[in-house]
Amino acid sequence: MLGAALRAVSAALFPPRLAATGAFASNRTPTARPRARLQRFCGTMSAHATVDTSQRLHALRELMGKPEYNVQAVVVPTEDQRKYFSEYIAQCDERRAFISGFTGSAGTAVVTPQDAYLFTDGRYFLQASKQLDQFVANQDVLSNLPCAYCTNRNWTLMKQGLPDVPTWQDFLSKNLDKDIRIGVDPSLISASDADSIQKALEPKGSKLVSLPQNLVDLVWPDRPPRPANKVFPLDVKHAGQHHAEKLKQVREELKKKDAQAVVVNMLDEVAWLFNLRGSDIDYNPVFFAYALVDQDKARLFVNESQLDSSVHEHLGSEVETHPYDTFFSYLTNLGAELDAHKDSIANEQKVLVSDKASLAVAEAIGKDHIIVARSPVTDLKAVKNEVEIEGFRQSHIRDGAALVRYFAWLEEQLNAGKELSESQVADQLEKYRLELDLFMGLSFSTISATGPNGGTERLIGLGFSAQFDCTAIIHYDPDPNDCAIVRKDQIYLCDSGGQYLDGTTDVTRTFHFGTPTGEEKRAFTRVLQGHIAIDTAVFPNGTTGYILDPFARRPLWEDGLDYRHGTGHGVGHFLNVHEGPHGIGVRIAYNNTALKPGMTVSNEPGYYADGRFGIRIENVVIVREAQTPHNFGDKGYLRFEHVTMCPMGKNLVEVSLLSEKERGWLNAYHAEVLEKVSPLVEKDERALRWLQRECSPL
C-alpha cells in the first residue's frame, strides 16, 4: 500500500522527466573542482573581530512580534545542523554566526524580546567573549531603537559546562517566562530533541513552535545562495559496489525493521548510497540532496541544474530525480496518502526516519506514520568493501609521499633560518598534495601549529564534545594575516588530510626540528606508547571503541597525564573525514556500536601542555580479522591494520621508556613506511634522504 501511495504522490507532483540532454553537461571535470582551502563566511572574520548586531537583533525581534509568527523566543542552533545534516555547513547556513557575530563551530543563540544569549562550551569561551558585542558601541543605532532594546549589551555569554550554567535546552524550560511560544526552524532540530524540549516546557504552559520560515534568513539581506555545484558519478572501480547493490541492501534492512521506506537525509549517506559526489560543502565531497527509498523505487531530490547526462546515465531507470525544493511537499503528500488509506490497511505501513532526521521530516510525513531509528545507510557505509580498503591503502601511501616531501622541505627551510608562518607552511603542504594522482582537495583545514599554539587544548572535530571536526588548540586554523612563525626550537604539530577518489586521509605528526626538552620527549613517548597500544590491540568480536579507549591512555596515566578528546573517529571513503556511528573514546555513545571488520577509524592519542606545546600522533587504521592460536567462546577476534605512512619523529622518543616490543613496533613501522613511500619520492633527493634518516632503526 505504501508503494502505491508513493506512486500516487509522484504522479501528482512530478511529470515524467525529460530525457537528459547535452544542456546538462558540465564543462568542468571533477578534478577541476575548487580546492578545499576556501574562504568561508566565518573565515572572512577574525576570531577577535566584534560585529555590532543591534540592527540585526532589532529586525529579528520585529518579526517575532508579527501575528504570523507570534513567538517570544527564537532558537538559532548550529550544532544541530552539524549533527543532523552535515558536520560542515554551507555559508548560507551560518545563521547563528550572522545573528550573533560568534563564528565558532559550536553554539546556539536564544533571542527574546529583551535579551540575547549565546551558549557555547569551553572550547570557545575566549573566542566568544571577544566576538560577541556584549556592549553596544554604536550610539546612532541606539538612538533609533525602541527603549526596550536600549540595554548596555546585546549578548550574554552562557558558558556551558560551568557550575549553575544550564544547557540551552534546560534554559528554555527553567529560565524563560511561562506561557510563551518558542520558535524554531524545524529543519534544524531533530524530532526526538524537539519532543524532549516540549515535554520539559509543558509544566510551564510554554510551547515549541515550528516556524514556517527561518526568521534569521528574513533579516539577512546579503545571505549567500545555497551552493549548487555539479554532481559527478564515482566510478565503481573506486566505490567497489554498484549503487543498485547498495539499494538492494537497504531494502533488505527495511524488511528486517518492518518498514516500507526510508528517508535518507545525511548528505554523506546520500552520496554514498548513489555513488555520487559533489562540492557543495567545504572539505566534504557531498551535495545538497535528500533521498526516499522504498521496495520499488529510489527517489533522489536534488537540483536538476547540478546533474548532467553522465549522472542520469549512471543512476539509470531505477532512480527517479526530483527537484530539491519539492522534498518536503512530497513528504506532506505522502503523509496525506497514508492518512487516507490507514483504515484499509491491515498492518499499518511505516516510513523509517533516521534518528538524525529533522523535526520537519517527521512533521511532514506525520508522526503516526514513522519509525525513528538509526539509518541502515549509516551502518552499511561504515563497513568498507575490499576495493575501498585497498583505496585507503593506496591513497595513504601517496599522501605519505606528500608529507615526507613537506617535512623534509620544512626542516631545510628552518635550518636555513627562513621565517615562515604557520599558514605559509600549510600552503606548501597543500601544493605537494596537489601534485598527487586522484587528489580532489583537502579533507579539512590544515592544523599547522607551533609551540604555544599547540598548547591550549580546545576540543573539536574528533566526534567529541564532533560527522565531524586540533592541537593543543585542537582545531587551530592559522589566520594567514595573523599567525605565528614556525620556530626550530619549538614542537610543531601538523594535522592534515586529503580527499582522493580512492580514499580520505587524516594524519597528525608532531616534530621538533631542533633539540627537544626532556619533558617534551617523555610526553611524546607516552603518547607514542598509547598509539602503539591501540595499533597492536587484539580484541573479541563485539568489542566497542569505548572499551578500547583506556588502552591509549594507560601510558599517559602512569605519568599523571591525559587528554580531553576521544582517541579515534570513523573515516569516510572519499567522504566526510569524520564518520560514525563508531569511534574510540569516552563518550558512552561509542559503547552502542561494536567495531566490525572493514570499519576505518583514527588512532590519535595526544597530550597538551597548556600554553607551551601540543603532541598528537594519528594514523588511520582498518578493523580486520585476527588470526589467534585459540578462539575462546567462538567469538572470533579482531585487530587493526594501519594504512597511514609517515615517519614519527624519532628525536622526540625517549628510548629508555619503550619496551622491547614497542621498539620493535616502531622500527617495523618505519621499515614499512620506507619500503612503500621511497619509490614515490626517489626523484626528490632531499625528501628521500630525510625519509631514509627518519626511518632508520632506533
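A quick note: this is a predicted structure, and the numbers were derived from the prediction, not measured.

The rules we used
- Residues numbered from 1 in each chain as written.
- Predicted model: local features only at pLDDT ≥ 70, side-chain atom pairs only at ≥ 80, totals over all residues.
- Heavy atoms only, no water.
- Helix = DSSP H or I, 4+ residues; strand = E, 2+ residues; numbered from the N terminus.
- Buried < 20%, exposed > 50% of the residue type's maximum accessible area, 1.4 Å probe, protein only.
- Areas by Shrake-Rupley, 256 points an atom, 1.4 Å probe, with all protein chains shown as cover.
- Core = buried A, V, L, I, M, F, W, Y, C linked by side-chain atoms within 4.5 Å.
- Contact = heavy atoms within 4.5 Å.
- Salt bridge = Lys/Arg side-chain N within 4 Å of Asp/Glu carboxyl O.
- Phe/Tyr/Trp six-rings, centres within 6.5 Å; stacked < 30°, edge-to-face > 60°.
- Lys NZ or Arg CZ within 6 Å of the ring centre and 35° of its normal.
- Pairing = 2+ DSSP bridges.
- Axes fitted to C-alpha atoms, helices over the stretch in contact; angles between N-to-C directions.
- Parallel < 35°, antiparallel > 145°, perpendicular 65-115°, else oblique.
- Left-handed = near helix turned anticlockwise from the far one by under 90°.
- Nonpolar A, V, L, I, M, F, W, Y, C, P; charged D, E, K, R; others polar.
- Expected span 1.5 Å × (residues − 1).
- Polar contact = N/O pair within 3.5 Å; in protein donor to acceptor, adjacent residues only side chain to side chain.
- Arc of directions from axis to C-beta.

**Student:** Please clarify how the overall build of the protein should be interpreted in this entry.
**Tutor:** Scanning the protein for helices and strands turns up 22 helices and 28 strands. Per-residue burial over the protein gives 60% buried out of 698 residues. Summing over all exposed atoms, the protein offers an accessible surface of approximately 27,200 Å²; the carbon and sulfur share of this is 50%.

**Student:** How should the nonpolar core be read in this particular structure?
**Tutor:** Among soluble globular proteins, nonpolar side chains are generally buried collectively. Counting residues in each nonpolar core, the largest one holds 150 residues, and the members touching the most others are Phe-274, Tyr-406, Phe-407, Leu-528 and Phe-640. Looking at this core, the element that brings in the most residues is helix H17 (residues 386-415), giving eleven residues. In this structure, Phe-274 is in contact with His-243, Leu-247, Ala-291, Ala-298, Leu-300, His-314, Leu-315 and Val-319, ignoring residues within four places of it in sequence. Val-111, Ala-116, Leu-132 and Leu-211 belong to the second-largest nonpolar core, a separate cluster that totals 27 residues.

**Student:** How should I be thinking about the pattern of salt bridges in this particular structure?
**Tutor:** When the charged atoms of two side chains with opposite charge come close together, those side chains can pair. Under the defined criterion, the tally for this structure stands at 37 salt bridges. The partner of Asp-294 in a salt bridge is Arg-299, with the nearest N and O atoms 3.3 Å apart. Residue classification places Arg-299 among the buried positions, given a relative accessible area of 2%. With a shortest N-O distance of 3.6 Å, Glu-604 and Arg-616 are connected by a salt bridge. With Glu-604 in the loop between strand S24 (600-603) and strand S25 (606-609) and Arg-616 in strand S26 (residues 613-616), the pair connects residues that are twelve residues apart, well separated along the chain.

**Student:** Please explain the packing of aromatic side chains as it appears in this structure.
**Tutor:** Enumeration according to the criterion identifies 22 aromatic pairs in this entry. Residues Tyr-290 and Phe-328 carry aromatic rings whose centres are separated by 5.7 Å and whose planes lie at 70° to one another, so their mutual orientation is edge-to-face. Of the two residues, Tyr-290 sits in strand S10 (residues 290-294) while Phe-328 sits in helix H14 (residues 327-341), which places them 38 residues apart along the sequence. Residue class for Tyr-290 comes out buried when judged on its relative accessible area of 9%. In textbook terms, an aromatic cluster arises when at least three aromatic residues are bridged by ring pairs, as seen for Phe-288, Tyr-290, Phe-301, Tyr-324, Phe-327, Phe-328 and Tyr-330. When the ring centre of Phe-125 is taken as origin, the NZ or CZ atom of Lys-159, which lies over that ring, is 5.6 Å away. Just above the ring of Tyr-563 sits the side chain of Arg-553; from NZ or CZ to the centre is 3.9 Å.

**Student:** I tried to follow the pairing of strand S27 (residues 619-626) on my own but got confused; where do I start?
**Tutor:** The side chains of a regular strand alternate, residue by residue, between the two faces of the sheet. With seven of eight residues buried, S27 is to be regarded as a mostly interior element. As paired elements, S24 and S27 share four bridges and run antiparallel to each other. Across the sheet, Val-601 pairs through a bridge with Val-621, a residue of S27. When S27 meets strand S28 (residues 637-642), the two strands line up antiparallel, connected through six bridges. Within S28, the residue paired with Glu-625 across the bridge is Leu-638.

**Student:** Got a minute to help me understand the sheet that holds strand S18 (residues 498-500) in this structure?
**Tutor:** Backbone hydrogen bonds are what pair the strands of a sheet, in a parallel or an antiparallel way. Spatial ordering of the open sheet is given by S15-S18-S19, a layout of three strands whose pairing is antiparallel. Strands with a single pairing partner mark the edges of an open sheet, and in this sheet they are strand S15 (439-442) and strand S19 (503-504). With three bridges joining them, S15 and S18 adopt antiparallel strand pairing. Bridging from a neighbouring strand, Gly-441 pairs with Gln-499 of S18. With respect to the sheet, helix H18 (residues 422-434) is in contact with S15 and S18, its orientation differing from that of S15 by roughly 165°.

**Student:** Is there a simple way to think about the pairing of S26 in this case?
**Tutor:** Here S26 shows a buried face lined by Phe-613 and Ile-615 and a second buried face lined by Gly-614 and Arg-616. In this sheet, S26 lies alongside S25 in antiparallel orientation, the contact comprising four bridges. Each bridged residue has a counterpart across the sheet, and for Tyr-607 the counterpart in S26 is Ile-615. In sequence, S25 turns back onto S26 through a hairpin of three residues, with Gly-611 there showing a positive phi of about 75°.

**Student:** Please explain the environment of Ile-622 as it appears in this structure.
**Tutor:** Here Ile-622 shows up in strand S27. You can call Ile-622 buried: its relative accessible area is 0%.

**Student:** Looking at this model, I keep getting lost on the packing of H17 against helix H21 (residues 660-681). Mind explaining?
**Tutor:** Packed helices, taken two at a time, are described by their axes: the angle between them and the distance between them. Interhelical geometry of H17 versus H21 gives an angle of 70° and a closest axis separation of 9 Å. Here H17 lies roughly perpendicular to H21, going by the angle between them. Seen along the crossing, H17 lies across H21 with a hand that is right-handed. Contacts between H17 and H21 pair Ile-397, Arg-398, Gly-400, Ala-401, Val-404 and Arg-405 from the former with Lys-676, Val-677, Leu-680 and Val-681 from the latter. Classifying every residue of the contact of H17 with H21 by side-chain character gives six nonpolar, one polar and three charged.

**Student:** Would you mind going over H17 with me for this structure?
**Tutor:** Turn by turn, an α-helix covers 3.6 residues, leaving residues three or four places apart pointing in a common direction. The terminal C-alpha atoms of H17 lie 43 Å apart, and with 30 residues this matches the ideal 44 Å at 1.5 Å per residue to within 8%. Of all 30 residues in H17, 22 are buried, a share of seventy percent or more. The opening residue of H17, the one whose side-chain oxygen lies 3.1 Å from the backbone nitrogen of Val-387, is Asn-385. Positive phi appears at Gly-417, one or two residues downstream of H17, with a value of about 80°.

**Student:** What is the right way to read the sheet that holds strand S14 (residues 370-373) from this model?
**Tutor:** Spatially, six strands are ordered S12-S11-S10-S8-S13-S14 in an open sheet, and the strand pairing comes out mixed. Strands with a single pairing partner mark the edges of an open sheet, and in this sheet they are strand S12 (319-322) and S14. On average, adjacent strands in this sheet sit at an angle of 20° to one another, irrespective of strand direction. Pairing of strand S11 (residues 298-301) with S12, which is carried by four bridges, proceeds in the parallel orientation. Bridge assignment links Phe-301 to a residue of S12, and that residue is His-322. Helix H11 (residues 243-256) rests against strand S8 (261-264), S10, S11, S12 and strand S13 (351-354) of the sheet, and its axis sits at about 65° to S10. Across the sheet, helix H12 (residues 267-274) is in contact with S8, S10, S11 and S12; its angle to S10 comes to roughly 55°.

**Student:** Before we go on, may I ask you to explain helix H8 (residues 191-201) in this structure?
**Tutor:** Listed in full, the buried residues belonging to H8 are Ala-191, Ala-194, Ile-197, Gln-198 and Leu-201. Projected down its long axis, H8 carries its buried residues within an arc of 125°, all on one side. Summarising the contacts, the buried residues of H8 are in contact with helix H7 (168-174), strand S5 (181-184), strand S6 (207-210) and helix H15 (359-365).

**Student:** Sorry if this is basic, but what is going on with unusual backbone geometry here?
**Tutor:** For residues besides glycine, phi is generally negative; the peptide bonds are generally trans as well. The omega torsion across Gly-580 and Pro-581 is 10°, close enough to zero to call that bond cis. Within the fold, Pro-581 resides in strand S23 (residues 579-584).

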